[in-house]
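# Descriptive structure summary
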Amino acid sequence: MEFSAFTTEELKECKILMDLPFETKPTEPNCCKWGNVWCKDDRIHTFSYNGNRDGPMTGPFPWRFGELTGLFSLSIVNTKLNGSITRGFKELTQLETLNLSNNTLTGEIPVELTTLTKLRYLNLDFNQLSGNLPAELGNMTELKELNLYKNQFTGTLPSTLTNLKKLTHMDVSRNNLSGPLPLLPRVNSICTLSLADRESNKFECLSKGDDPHTSPCALDFLNRPLPECPVPEGSASSTAVSPVAWDAEDAECPLTSAAVVDGDKLVLVYMRDVKDTVCLHSLATGERLDTIALPPASISGLSAKKKQSDFFFSYTSFLSPGTIVRYDVPTRTASEFKRVSVAGFNPDEFVVRNAVRAVSCLRRACT
């Protein structure tokens, strides 16, 4: 393979990519001509590899990536990369996007990774990472999205997450996290988050002083005023709790997801009587504005944006393998956007009734 036509930097960096554990090695020696590489000023600027598109990649995580110091964006997804994340990432001081989704990476998040203070998007979901989340995550003050879904992290959420003032999306569900939620009143732009789920995370309560009867534990940091939301009259400070208007029974039910929509509204999904419920609340007052009528179903795929006046979610039920619903916030109307149909089956010929006679939600009391 001939490299003599390249500059010294091109030669060095292309050789690093050639050492990746491809099952089929690229035949083009100039990596800057690959469809998933973009070079700038004779340096590799962006590398985006998708195993479903570009072919399998099997083997340990390439430790030499730390030498690609001009990298702006690195994405290696849907491959079989294993082993730990290289500590050499500390050299990638220009990196703004890191996506290592859907691999088989193990070990902890290296502290060296948290030194990337320009990083804006970090996605490590669908791996086998473990250990505690490092407190140094709070040093990554440019982060806008943090996705750690479906790993094996343990311990608590570090209180240093209060430093991430630009965060707009955070997902730490499907892990083994527990303990108190940190007080996050200064996360001033968070729009969507997923903290708790039914199968893994077991969050408890916030610090003493929160009222467990008006401020459900798993929801408590959502109850605090977000940016552009007025602080309720009589509040002692900007961190005062603005409780969501829960029914007494609903307050005992686990929250599964939440999102801000239409500027000053909050969409909540929680489980009650072995079925999911979707509610719309006011961020300013906590008042419940609407409860969306649904059959006994399991909700997934909540999609909402703060600047949009509608949101979408999907659900599965005994009579539907998949239905997407659009909800228009100004008119408070829900409409079926798309449904998966099964040939020869008419759901209108059947009726599903909820036979649960009492609420059976469990919430650990604040102490």
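Residues numbered from 1 in each chain as written. Predicted model: local features only at pLDDT ≥ 70, side-chain atom pairs only at ≥ 80, totals over all residues. Heavy atoms only, no water.

### Looking at the pairing of strand β1 (residues 37–40)
Taking every second residue as pointing to the same face, the buried face of β1 carries Val 37 and Cys 39, while none of Trp 38 and Lys 40 on the other face is buried. As paired elements, β1 and strand β2 (residues 43–50) share 4 bridges and run antiparallel to each other. Each bridged residue has a counterpart across the sheet, and for Val 37 the counterpart in β2 is Phe 47. As consecutive antiparallel partners, β1 and β2 are separated by 2 residues, and within that stretch Asp 41 has a phi angle of approximately 55 degrees, a positive value. (Buried < 20%, exposed > 50% of the residue type's maximum accessible area, 1.4 Å probe, protein only. Helix = DSSP H or I, 4+ residues; strand = E, 2+ residues; numbered from the N terminus. Pairing = 2+ DSSP bridges.)

### A word on the packing of aromatic side chains
For the coordinates displayed, the defined rule picks out 10 aromatic pairs. Seen from their ring centres, Phe 22 and Tyr 49 are 5.6 Å apart, and the 50 degrees between their planes marks the pair as tilted. Of this pair, Phe 22 sits in the loop between α1 (8–18) and β1 while Tyr 49 sits in strand β2, and the two are 27 residues apart along the sequence. Summarising the burial analysis for this pair, Phe 22 and Tyr 49 share the class buried. On the basis of an interplanar angle of 40 degrees and a centroid distance of 6.1 Å, the ring pair of Phe 47 and Tyr 49 is categorised as tilted. Given a relative accessible area of 4%, Tyr 49 falls into the buried group. One aromatic cluster is present, built from ring pairs that chain together Phe 22, Trp 34, Phe 47, Tyr 49, Phe 61, Phe 65 and Phe 89. (Phe/Tyr/Trp six-rings, centres within 6.5 Å; stacked < 30°, edge-to-face > 60°.)

### As for the pairing of strand β13 (residues 176–179)
Taking every second residue as pointing to the same face, the buried face of β13 carries Leu 177 and Gly 179, while none of Asn 176 and Ser 178 on the other face is buried. Looking at chain direction, strand β11 (residues 152–155) and β13 are connected through 2 bridges and run parallel. Looking across to β13, one finds that Thr 154 is bridged to Asn 176.

### Digging into unusual backbone geometry
The residue Asn 78 is not glycine, and still its phi comes out positive at about 60 degrees. Within the secondary structure, Asn 78 sits in the loop between β4 (73–77) and β5 (80–83). Relative accessible area serves as the criterion here: at 23%, Asn 78 is assigned to the partly exposed category. Positive phi values are uncommon outside glycine, yet Arg 174 reaches one of about 60 degrees. Locating Arg 174 in the fold gives a position in the loop between β12 (169–171) and β13. For Arg 174, a relative accessible area of 28% translates into the label partly exposed.

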